[in-house]
Amino acid sequence: MSPLLVVEGLRKAYLDGSIMRRVLDDTSLTLHAGEVIALCGPSGSGKTTLLNLVAGLLEPDEGRLVLHVEAGQKRLCDLTAAERAQIRRRHMGYVFQFFNLVPTLNVRENVLLPLELNRRSDLAGSALGRLSALGLDGHERQYPEQLSGGERQRTAIARALAHEPALVLADEPTGNLDAENAHRVVELLWREVRALNSGLLIATHDESIAARADRVIRFEQ
């Protein structure tokens with residue numbers, strides 16, 4: 001397997017009142033195409049921070065992040081915020097813990113949004129097909145406020161996969177789901193990653209999900 005993402009020596013600290021709290025300290029990993037890595041550990045241990053650094057939503061205090069995609073090698077720490085946003089839009093899919101759906105768009109429009117931004121209307125059929133796989137038939141015209149938490153999460157997962165990204169980041173993607181829908185989500189994520197030869201970094205407290213990953217990285221608080 002070829003390297004997709006290389007993370008080297010990441011450090012990130014936050015000012016907590018008058019105390020500087022280090023969340024990540026010399027964190028390194030390599031994710032290969034077609035591979036799933038589970039990030040496990042207690043809340044506040046740095047899992048979400050790592051995902052946000054990889055996504056380019058945060059900048060590290062120290063370290064290196066390199067994404068290898070068809071367009072070439074992208075050194076994320078050397079890019080501007082606008083450039084990182086473009087990389088994220090084109091090559092990454094992010095399943096946020098709290099959905100981040102656009103409230104003024106319905107389910108169908110939320111899922112198709114990445115395709116509009118990337119001018120990939122050719123993927124619309126497969127993108128909408130995932131709604132059925134996730135048990136969302138009949139919800140296409142509903143808006144986020146009309147959905148349950150679990151339905152919003154499944155919509156967010158369909159949106160993250162819509163443009164068939166090279167790298168999928170998932171922050172507790174089954175945290176709002178019952179057992180049946182959690183199983184659906186896990187099956188879909190694993191199947192898509194294998195089929196597209198993409199990579200998945202998944203933060204989870206669920207040991208059954210971690211057990212399915214190719215590797216597990218454990219964080220300590």
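All values derive from a computational prediction rather than experimental measurement.

With that out of the way, let us pick up the side chain of Q153. Among the secondary structure elements, Q153 is positioned in helix 5 (residues 149-161). Among the polar contacts listed, one links the side chain of Q153 to the backbone oxygen of E172, at a separation of 3.4 Å. Once you skip the residues sitting within four places of it in the chain, Q153 turns out to touch V95, F96, Q97, F99, E172, P173, N176 and L177.

Applying the stated criterion across every chain, the model contains 12 salt bridges. The closest approach of N and O atoms between R11 and E62, which form a salt bridge, is 3.7 Å. Separated by 51 residues along the polypeptide, R11 in strand 1 (residues 3-16) and E62 in strand 4 (residues 62-69) bring together distant segments of the chain. R11 gets classed as partly exposed once you look at its relative accessible area, which sits at 23%. Residue E62 is classed as partly exposed on the basis of its relative accessible area of 44%. Linking R212 and E187 is a salt bridge whose minimum nitrogen-to-oxygen distance equals 2.7 Å.

One can find D122 in the loop between helix 3 (107-118) and helix 4 (124-133). A relative accessible area of 54% means that D122 is categorised as exposed. Along the chain, D122 and L5 lie 117 residues apart, while their C-alpha atoms are 27 Å from each other. Here the side chain of D122 touches R120 through a polar contact of 2.7 Å, side chain to side chain.

The subject of this paragraph is the packing of helix 3 against helix 5. Orientation of helix 3 relative to helix 5, taken along the N-to-C sense of each, is 30°, at an axis distance of 7 Å. One finds that helix 3 runs roughly parallel with respect to helix 5. Taken as a pair, helix 3 and helix 5 cross one another with a handedness that is right-handed. Only T155, A158 and R159 of helix 5 make contact with helix 3, whose side of the interface consists of V107, N110, V111 and P114. Of the residues assigned to the contact of helix 3 with helix 5, the class counts are four nonpolar, two polar and one charged.

Given 3.6 residues to a turn, an α-helix orients residues that are three or four positions apart in the same direction. Restricting attention to buried positions, one finds in helix 2 (residues 81-91) the residues R84, I87 and H91. Seen along its axis, helix 2 keeps its buried residues to an arc of 60°; they face one direction. Residues of helix 2 that are exposed and angled more than 90 degrees away from the buried face: A81 and A82. The secondary structure elements touched by the buried residues of helix 2 are strand 4, strand 5 (72-75), strand 6 (92-95) and strand 7 (167-171).

A few words on the nonpolar core. A general tendency of soluble globular proteins is for nonpolar side chains to be buried together. Counting residues in hydrophobic clusters, the biggest one holds 34 residues, and the most contacted among them are V36, L134, I157, L189, W190, L200 and I202. Within the residue set of this core, elements represented by two or more residues are strand 3 (36-40), helix 3, helix 4, helix 5, strand 7, helix 6 (179-196), strand 8 (199-203) and helix 7 (207-212). It is helix 6 that contributes the most residues to this core, seven residues altogether. Excluding residues within four positions of it along the chain, W190 makes contact with V36, L200, I202, I209, R212 and A213. By size, the runner-up hydrophobic cluster in this structure holds 27 residues, among which are L10, V23, V54 and I87.

For the rest of this paragraph, the subject is the sheet that holds strand 8. In spatial order, the strands read 6-7-8-3-9; together these five strands make up an open sheet with parallel pairing. The sheet is open, and its two edges are formed by strand 6 and strand 9 (215-218), each paired on a single side. Along the sheet, successive strands turn relative to each other by an average axial angle of 15°, direction set aside. Its contacts with the sheet place helix 5 against strand 6 and strand 7, and it is angled at close to 175° to strand 6.

Across the interface, helix 5 lies against helix 6 with an axial gap of 11 Å and an inter-helix angle of 5°. Classified by the angle their axes make, helix 5 and helix 6 are roughly parallel. Mapping the contact onto sequence places R154, I157 and L161 in helix 5 and N181, R184, V185, L188, L189 and E192 in helix 6. Its residues assigned to classes, the contact of helix 5 with helix 6 comprises five nonpolar, one polar and three charged.

Definitions and cut-offs
- Residues numbered from 1 in each chain as written.
- Predicted model: local features only at pLDDT ≥ 70, side-chain atom pairs only at ≥ 80, totals over all residues.
- Heavy atoms only, no water.
- Helix = DSSP H or I, 4+ residues; strand = E, 2+ residues; numbered from the N terminus.
- Polar contact = N/O pair within 3.5 Å; in protein donor to acceptor, adjacent residues only side chain to side chain.
- Contact = heavy atoms within 4.5 Å.
- Salt bridge = Lys/Arg side-chain N within 4 Å of Asp/Glu carboxyl O.
- Buried < 20%, exposed > 50% of the residue type's maximum accessible area, 1.4 Å probe, protein only.
- Axes fitted to C-alpha atoms, helices over the stretch in contact; angles between N-to-C directions.
- Parallel < 35°, antiparallel > 145°, perpendicular 65-115°, else oblique.
- Left-handed = near helix turned anticlockwise from the far one by under 90°.
- Nonpolar A, V, L, I, M, F, W, Y, C, P; charged D, E, K, R; others polar.
- Arc of directions from axis to C-beta.
- Core = buried A, V, L, I, M, F, W, Y, C linked by side-chain atoms within 4.5 Å.
- Pairing = 2+ DSSP bridges.

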